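Take a look at the letters that make up each chain.
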Amino acid sequence: MENNNVKFGSFFWRISSSHMITYFIMGIIAVSVLNYKESFENPPLSYLMKPMDSPWIAVGPVLQIFRGLVFSIALWFFKDNFLYNEYGWLKLWGLIVGLSVLSTTGPASGSIEGLIYTKIPAISQLKGYIEVLPQTLLFSLFVFYWYEKPKKLWNVLSIILVSIIIILCTFGLLASSIEL
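Analysis parameters
- Residues numbered from 1 in each chain as written.
- Predicted model: local features only at pLDDT ≥ 70, side-chain atom pairs only at ≥ 80, totals over all residues.
- Heavy atoms only, no water.
- Helix = DSSP H or I, 4+ residues; strand = E, 2+ residues; numbered from the N terminus.
- Rg over C-alpha atoms; globule rule 2.2 N^0.38 Å.
- Axes fitted to C-alpha atoms, helices over the stretch in contact; angles between N-to-C directions.
- Parallel < 35°, antiparallel > 145°, perpendicular 65-115°, else oblique.
- Left-handed = near helix turned anticlockwise from the far one by under 90°.
- Contact = heavy atoms within 4.5 Å.
- Nonpolar A, V, L, I, M, F, W, Y, C, P; charged D, E, K, R; others polar.
- Core = buried A, V, L, I, M, F, W, Y, C linked by side-chain atoms within 4.5 Å.
- Buried < 20%, exposed > 50% of the residue type's maximum accessible area, 1.4 Å probe, protein only.
- Salt bridge = Lys/Arg side-chain N within 4 Å of Asp/Glu carboxyl O.

(A) The overall build of the chain, seen in detail. The helix and strand inventory of the chain stands at nine helices and zero strands. Mapped from its N terminus to its C terminus, the chain presents α and β elements in the order α-α-α-α-α-α-α-α-α. Taking 2.2 N^0.38 as the reference for a compact globule, 180 residues should give roughly 16 Å; the C-alpha atoms of the chain span a radius of gyration of 17 Å, in line with that estimate. The C-alpha extent of the chain, read off along each of the three principal axes, is 50 × 40 × 25 Å.

Right under this line is the structure:
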């Protein structure tokens, strides 16, 4: 079923805020569970990743708005395939996992290219799936059900949560900038 009433502005907000919220939640969990601080400070990831006390790490979740824009533009042309179809969330998740996680165009960690071409041990790469797969699944579910059961509450809640993320990241940025 096609719905021509979907406006790009609301689509962008739903995609971007869903991405930011799920990215932030899973990132907080992953920092604890996967011990990113130690992993990012030691080879091989220390060659690729900024340390956890970097201002860029602190501001990273807010900058996901730009990824949200890219996702929105890319997904806009396929929205009718996943928004109002049975198992649309699964179609969206498959699309994201297939193109953004497993089959990147470069040797990103955890991708097929990364497993083939990088020196990063496979187990180190695959540990990232503990964060990435649930995050993309939650994102797909949020977007799908937000369209399936639209309510003003979801808009208000998303504004509150994104605002909290911005405030927390601002505090993190300020804390990372202060010399002790």
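(B) Summary view of the packing of helix α1 (residues 8-33) against helix α9 (residues 152-177). Look at α1 against α9: their axes get within 10 Å of each other, and the N-to-C directions meet at 50°. Between α1 and α9, the interaxial angle falls into the category oblique. For the pair α1 and α9, the sense of crossing is left-handed. Between α1 and α9, the residues in contact are W13, R14, S17, M20, I21 and F24 and N155, S158, I159, L161, V162, I165, L168 and C169, respectively.

(C) Focus on the packing of helix α3 (residues 55-76) against α9. Where α3 meets α9, the axes come as close as 8 Å, and the angle between the chain directions of the two elements is 170°. The pairing of α3 with α9 is recorded here as roughly antiparallel in orientation. Across the interface between the two elements, P55, A58, P61 and V62 of α3 pack against I165, I166, C169, G172, L173 and S176 of α9. Looking at the contact of α3 with α9, its residues break down into eight nonpolar, two polar and no charged.

(D) Focus on the nonpolar core. Counting residues in each nonpolar core, the largest one holds 12 residues, listed as V6, F11, I15, F71, L75, F82, L83, L92, I96, F139, V143 and Y147. Residue contributions to this core peak at three residues, all from helix α8 (residues 129-148).

(E) A look at the pattern of salt bridges. A full pass over the atoms with the stated rule returns one salt bridge. Across the pair E41 and K37 runs a salt bridge whose closest N-O atoms are separated by 2.6 Å. Taken together, the residues span about one helical turn, with E41 and K37 both in helix α2 (residues 36-41) at a distance of four residues. We classify K37 as partly exposed; its relative accessible area is 47%.

(F) How the structure looks around the environment of F142. Turning to its location among the elements, F142 is positioned in helix α8. What makes F142 partly exposed here is its relative accessible area of 35%. Sequence spacing of F142 and S18 is 124 residues, and the spatial spacing of their C-alpha atoms is 6.3 Å. Residues in contact with F142, not counting those within four places in the same chain, are S18, I21 and T22.

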